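Geometric and topological summary
Given next are the chains, with one letter for each unit.
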Amino acid sequence: MRRVENIADMQRLADTWRAGGERIAFVPTMGFLHEGHLDLLRTARKMGTKSVISIFVNPTQFAPTEDFESYPRDLGGDLDLATEVGTDAAFIPPVDEMYPEGFQTYVHVDRVTENLCGRSRPIFFRGVATVVCKLFHAVKPHISIFGQKDFQQLVTIKRMVKDMNMDIEIVGHPIVREKDGLAMSSRNTYLTQEQRPVALRLNRCLKEAQKLVDSGERNAEMILKAAGDLLTTGGGATVDYARLCNPDTIEDVEVISGPTLLALAVWVGKTRLIDNCLLKAIKN
Ligand code: AMP
């Protein structure tokens, strides 16, 4: 696997591949890779003829109060794992390569970023859209794969690509979970043994909500009340949000009539976990 630290070198490699008729499939990450990331990379290998991972902890998506400095990092381990799954190149730019002195241009995606994580992390999606736009210009992919775990991020990137006429196919990848149901995340490493069962409530909550819908419940307020109770009973968790949204617009819904996104963000101690599912309302 090639390691590329410099934007111009990455662009040259991408140009060479493109000139040779290769199809570049790209997975942007912040590293500390787990099986979820590796699954995205395997998909990239299948969908393209050349696969690229980027590993970059992006400072512009973290607020000063957030965990940029302490975000888990293991570049050596990540490069080994990416090599094992057959990735062709790793783009690993230093921060000052991506944000040199004088940097002042940001990408703002409007309405789909307002709800959910946009409420509690006001600069987050500006940072994400900006860095993904820059990574796309460096890697020049034909296809890029994003996890549905970060559902609003996937919707935001799809919106940016469409609105800015970027000639890139954006592919959503299903959430990869641990055996016990916990959605894989680099931040799971922060959880203590005692916090883990608390963290499992997120996935249980998604399943219980689907059961409620299956039993005929369509009222969002009722479902969210049950979800809030399940998440907080027993203590140890603070709900940042639990919302039911239209999966295309990310606007709140009051009544479930079609596929509806149930999105959760929960603090377990100092760790903020997110999870989601699409609730299906089968007509009785
Ligand atoms: P991150 O390194 O957390 O920025 O994630 C990089 C990419 O991997 C994003 O597209 C995430 O949505 C995706 N991802 C992270 N965790 C999972 C998971 N458990 N299942 C599926 N995709 C994931």
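Look up: the structure comes first, before these words.
Reference entry: report on the structure contained in this document. Residue numbering note: each chain is counted from 1, following its sequence as written. For this predicted model, a pLDDT threshold of at least 70 governs which residues receive local features, and a threshold of 80 or more governs which side-chain atom pairs are given and counted, while totals over whole chains, interfaces and linings are taken from all residues. Hydrogens are left out, water is left out, and the side-chain values use all remaining heavy atoms of the structure.

Between helix H1 (residues 7-19) and helix H6 (residues 124-139), the shortest axis-to-axis distance is 7 Å and the interhelical angle comes to 55°. Judged by the angle between their axes, H1 and H6 are oblique. For the pair H1 and H6, the contacting residues are Ile7, Met10, Gln11 and Ala14 in the first and His137, Ala138 and Val139 in the second. For the contact of H1 with H6, the per-class residue count stands at five nonpolar, two polar and no charged. Axis definition: a line fitted to C-alpha atoms, limited for helices to the stretch in contact. Angles are taken between N-to-C directions and run from 0 to 180 degrees. Every helix listed is a DSSP run of H or I at least four residues long, and every strand listed is a run of E at least two residues long, numbered separately from the N terminus. Just so you know how the angles are binned, under 35 degrees is roughly parallel, over 145 roughly antiparallel, 65 to 115 roughly perpendicular, and the rest oblique. Contacts are assigned to residue pairs that have any heavy atoms within 4.5 Å of one another. Gly falls in the polar group here, along with every residue not listed as nonpolar (Ala, Val, Leu, Ile, Met, Phe, Trp, Tyr, Cys, Pro) or charged (Asp, Glu, Lys, Arg).

Moving on: the site of the ligand. The near set for a molecule or strand comprises every residue that places at least one heavy atom within 4 Å of it. Inspection of the region around the ligand gives 15 residues, with Met30, His37, Asp150, Val176 and Met184 positioned closest. Any pair of N or O atoms that falls within 3.5 Å is considered a polar contact. Within protein, one atom must be able to donate a hydrogen and the other to accept it, and sequence-neighbouring residues count only if both atoms are side-chain atoms. The separation between a nitrogen atom of the ligand and a polar side-chain atom of histidine 34 is 3.5 Å. Here an oxygen atom of the ligand and a side-chain polar atom of aspartate 150 are 2.6 Å apart. Using a 1.4 Å probe, the Shrake-Rupley method yields the accessible areas, and only the shown protein chains count as cover for residues. Surface burial for the ligand is 92%, taken as the share of its 480 Å² of free accessible area covered by protein chains.

Our next topic: the sheet that holds strand E6 (residues 169-173). In this scheme, strands are said to pair when DSSP sees at least two bridges between them. As summarised here, the arrangement of the six strands in space is E1-E4-E3-E2-E5-E6, forming an open sheet in which the pairing is parallel. Looking at strand neighbours, the two that pair on one side only are strand E1 (2-4) and E6, the edges of this open sheet. Sheet twist, expressed as the average angle between the axes of neighbouring strands with direction ignored, equals 25°. Seen against the sheet, helix H7 (residues 151-163) touches strand E5 (143-147) and E6 and runs at an angle of roughly 170° to E6.

The phi dihedral of phenylalanine 32 falls on the positive side, at around 55°, and the residue is not glycine. With respect to the secondary-structure elements, phenylalanine 32 resides in the loop between strand E2 (24-29) and helix H2 (35-47). Within the chain, asparagine 165 stands out as a residue other than glycine whose phi angle is a positive 55°. Along the polypeptide, asparagine 165 turns up in the loop between H7 and E6.

A word on the pairing of strand E9 (residues 271-279). A simple rule labels every residue: compare its accessible area, found with a 1.4 Å probe on the protein chains alone, to the largest value its type can have, and call it buried under 20%, exposed over 50%, or partly exposed in between. The buried count for E9 comes to eight of nine residues, which makes it a mostly enclosed element. With antiparallel pairing between neighbouring strands as the criterion, strand E8 (residues 260-268) and E9 make up a hairpin whose turn holds two residues, including glycine 269 at a positive phi of roughly 60°.

This next bit is on the sheet that holds E8. In spatial order, the strands read E7-E8-E9; together these three strands make up an open sheet with antiparallel pairing. Pairing within the sheet leaves two strands with one partner each, and these edge strands are strand E7 (237-245) and E9. Ignoring which end each strand starts from, the neighbouring axes of this sheet average 15° apart. Where E7 and E8 come together, eight bridges link them in antiparallel fashion. Bridged to arginine 243 within E8 is alanine 263. Packing against the sheet, helix H10 (residues 220-232) makes contact with E7 and E8, and its axis sits at approximately 155° to E7.

With that settled, consider the nonpolar core. Nonpolar side chains in soluble globular proteins tend to be buried together. Here, nonpolar core means buried Ala, Val, Leu, Ile, Met, Phe, Trp, Tyr and Cys residues that are tied together by side-chain atoms lying within 4.5 Å of each other. One finds Phe91, Phe136, Ile157 and Met160 to be the most contacted residues of the largest nonpolar core, which totals 46 residues. Contributing elements (two or more residues each) for this core: H1, E2, strand E4 (89-91), H6, H7, E7 and E8. Among the elements that take part in this core, H6 stands out by supplying eleven residues, more than any other. Formed by 26 residues, the second largest nonpolar core is a distinct cluster that contains Leu230, Ala237, Leu264 and Ala281.

Shape is all these values report; function is a separate question.
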